[in-house]
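Close look at the chain arrangement
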Amino acid sequence: MDPQEARRRVEQGGAVLCLDVPEGTEMRIDLQAWRAGPLFQGIKMIPPGIHLVSWAAGHETVGCLLAFRPGQVEVWRWDAREEDMDRVPDREEAERLALGVRNFDFDSRLGPYPEGQGEAWTRLTYLISLRVLERTGIAHGQKLSGAPSLPQETEGEEGAQPAHQASASGGPCFAAIPALRKPVGMDPSQVSQYHMDGTCRVQEMLTTHFEGHWEDLLGQLQLSFVMFIAISSFQGLEHWKRLVALLCTCGSLARSNPPLMSEFVRVLRREMEQLPEDFFRDELLSDSFLRSSLTALCQEAEACAEAQGAETGKDQQLFQRRVQRLRKMLSQRFGLQIAVGEFGALDALALDMDADGGDEDAPTVVLLEREGDASASAVECESGHQRALETASRMAWMIPPQSE
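The paragraphs below set out a description of the structure included in this document. Everything quoted here is computed from the prediction, not taken from an experiment. (Residues numbered from 1 in each chain as written. Predicted model: local features only at pLDDT ≥ 70, side-chain atom pairs only at ≥ 80, totals over all residues. Heavy atoms only, no water.)

Bringing the overall build of the protein chain into the picture now. Helix and strand content of the protein chain: 14 helices and eleven strands. For the protein chain, the proportion of its 404 residues judged to be buried stands at 52%. Counting contacts in the protein chain only where the partners sit at least 6 residues apart, residues at least 24 apart contribute 73% of the total. Working note: accessible area of the protein chain is about 18,200 Å², and carbon and sulfur atoms make up 50% of it. (Helix = DSSP H or I, 4+ residues; strand = E, 2+ residues; numbered from the N terminus. Buried < 20%, exposed > 50% of the residue type's maximum accessible area, 1.4 Å probe, protein only. Contact = heavy atoms within 4.5 Å. Areas by Shrake-Rupley, 256 points an atom, 1.4 Å probe, with all protein chains shown as cover.)

Structure (structure tokens):
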């Protein structure tokens, strides 16, 4: 990188100054991890937007979500007694240190944000907004732990937490998923539909928690997933599993709100690309709830295609095309074949993916390679993405979401 480009990226990006971090401590931003070297004092050239900065604190990983603007500097310091990191509390000291970063006083000790990783992070987080963080009860710079806090019960169950109320440990509070209730005033066919199709429950979530903004619902889905892969968040994993399982059964929603379901399929495919290739071949994970959920999703798309036939609108076509791409990725990456209806209506209506050329939605598997040293002996870089996949493979994905 030439000096002019480096200076431009420093001025237009953000930085996090990390003082007194012990050598060898694992530091992470988004999907990439470093081992702190003797000169390490933070990360620079962070693209504007929301990023997840995390570090190893004792026996767990702790992180915080930071919304960076151009030129913004976050100042943190390691607490040797607590074996953890906190923001510098003295405002004047923090401003003085931030000014030093802007004047390049710490430049040689700040590792650059990994080149090319901004796009990989954006692919997983483009729906996470400040409003999504607010709805989840997460403040700027609030420390988050991967360890479970108070259990989040399904809304309507005994002991349930109120929606969007922070738990006692200060962790995230994801929107509660409505419990199945005894339908009132429904005939037998409607009762069966209510229990088999999650549309009513998703619509209840949208009305109760998101003021109808389905983008925020999917933003929480993305947030729960990246919290799991970055800091091994138990709450993130549980919410992600339950919400994926629910959305995959929403056949009626695929007809009434195809933009929501289409975007959900894109979000889900990009998340699936982060899983190890042997995920569905592992004996312990072979009965993962994902297999049945993905099958349900593809069968719902097939049913929609058969019902609408040649009258399928553009939004519905996009939904079907994205489901087809998801199926293709599952087959190529995992060797997983999803069985659908014998008529193959989804295959017939899906556009030719090989002829789509530069379509931005074409599946891409992003491989994060090991970067060189961020600066002379400043940091030792390693693949945080690979560690995340190893973490995913160790956790109990095969355990279905709790019955609701």
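And the narrative resumes.
The residue F104 is not glycine, and still its phi comes out positive at about 70°. The residue S232 is not glycine, and still its phi comes out positive at about 55°.

What follows deals with the packing of helix α10 (residues 258–272) against helix α11 (residues 289–308). Contact pair α10 / α11: the axes reach a minimum separation of 13 Å and the direction vectors enclose 145°. Our pair here, α10 against α11, has a crossing hand that is left-handed. Contacts between α10 and α11 involve M261, F264, V265, L268 and M272 from the former and L290, L294 and L297 from the latter. Residues belonging to the contact of α10 with α11 are distributed by class as follows: eight nonpolar, no polar and no charged. (Axes fitted to C-alpha atoms, helices over the stretch in contact; angles between N-to-C directions. Left-handed = near helix turned anticlockwise from the far one by under 90°. Nonpolar A, V, L, I, M, F, W, Y, C, P; charged D, E, K, R; others polar.)

This brings us to the nonpolar core. Judged by nonpolar contacts, the single largest core of 88 residues is most densely connected at W55, F264, L268 and M272. Residues in contact with L268, not counting those within four places in the same chain, are W240, V244, C248, L294, L297 and L326. Core analysis: the second largest hydrophobic core is formed by twelve residues, V73, V75, V101 and L110 among them. (Core = buried A, V, L, I, M, F, W, Y, C linked by side-chain atoms within 4.5 Å.)

Applying the stated criterion to the full structure yields five aromatic pairs. Here the aromatic rings of F225 and W240 are separated by 5.4 Å at their centres, their planes lie at 45°, and the arrangement is tilted. Highlighted residues: F225 in helix α7 (residues 214–231) and W240 in helix α8 (residues 234–247), separated in sequence by 15 residues. An aromatic cluster is present here, built from F225, W240 and F289 joined pairwise through their rings. (Phe/Tyr/Trp six-rings, centres within 6.5 Å; stacked < 30°, edge-to-face > 60°.)

Let's shift gears to the environment of L330. Secondary-structure assignment places L330 in helix α12 (residues 314–334). For the pair L330 and E277, spaced 53 residues apart in sequence, the C-alpha to C-alpha distance is 9.5 Å.

Attention now moves to the sheet that holds strand β7 (residues 73–79). Spatially, five strands are ordered β8-β7-β1-β4-β9 in an open sheet, and the strand pairing comes out mixed. In this open sheet, the two strands that pair with only one neighbour each are β8 (84–87) and β9 (111–112). Pairing between strand β4 (residues 42–46) and β9: two bridges, direction parallel. The partner of I43 across the bridge, within β9, is G111. (Pairing = 2+ DSSP bridges.)

Turning to the pattern of salt bridges, a few remarks are in order. For the coordinates displayed, the defined rule picks out 20 salt bridges. The closest approach of N and O atoms between E11 and R7, which form a salt bridge, is 3.2 Å. Here E11 and its partner R7 are both found in helix α1 (residues 3–12), four residues apart, which amounts to about one turn of the helix. Taking the relative accessible area as the measure of exposure, E11 reaches 46% and is therefore partly exposed. Look at R7 and you get partly exposed, because its relative accessible area is 45%. As a salt-bridge pair, D216 and R135 come within 2.9 Å of each other at their nearest N and O atoms. (Salt bridge = Lys/Arg side-chain N within 4 Å of Asp/Glu carboxyl O.)

Listed in full, the buried residues belonging to helix α6 (residues 199–209) are T199, R201, V202, M205, L206 and H209. Looking at the buried side of α6, the elements it contacts are α4 (130–135), α7, α8, α9 (251–256) and α10. Phi turns positive, to about 50°, at E211, one or two residues after α6.

Before going further, it helps to spend a moment on the pairing of strand β5 (residues 49–57). Consecutive side chains along a regular strand alternate between the two faces of the sheet. Within β5, seven of the nine residues are buried, which leaves it mostly tucked inside the rest of the structure. As paired strands, strand β2 (residues 26–29) and β5 are joined by three bridges and run antiparallel to one another. Residue pairing across strands places I29 opposite V53, the latter belonging to β5. Sheet analysis places β5 next to strand β6 (residues 60–68), joined by nine bridges and oriented antiparallel. Paired with G49 across the two strands is F68, which belongs to β6. Connecting the antiparallel pair β5 and β6 is a turn made up of two residues, with G58 showing a positive phi of about 65°.

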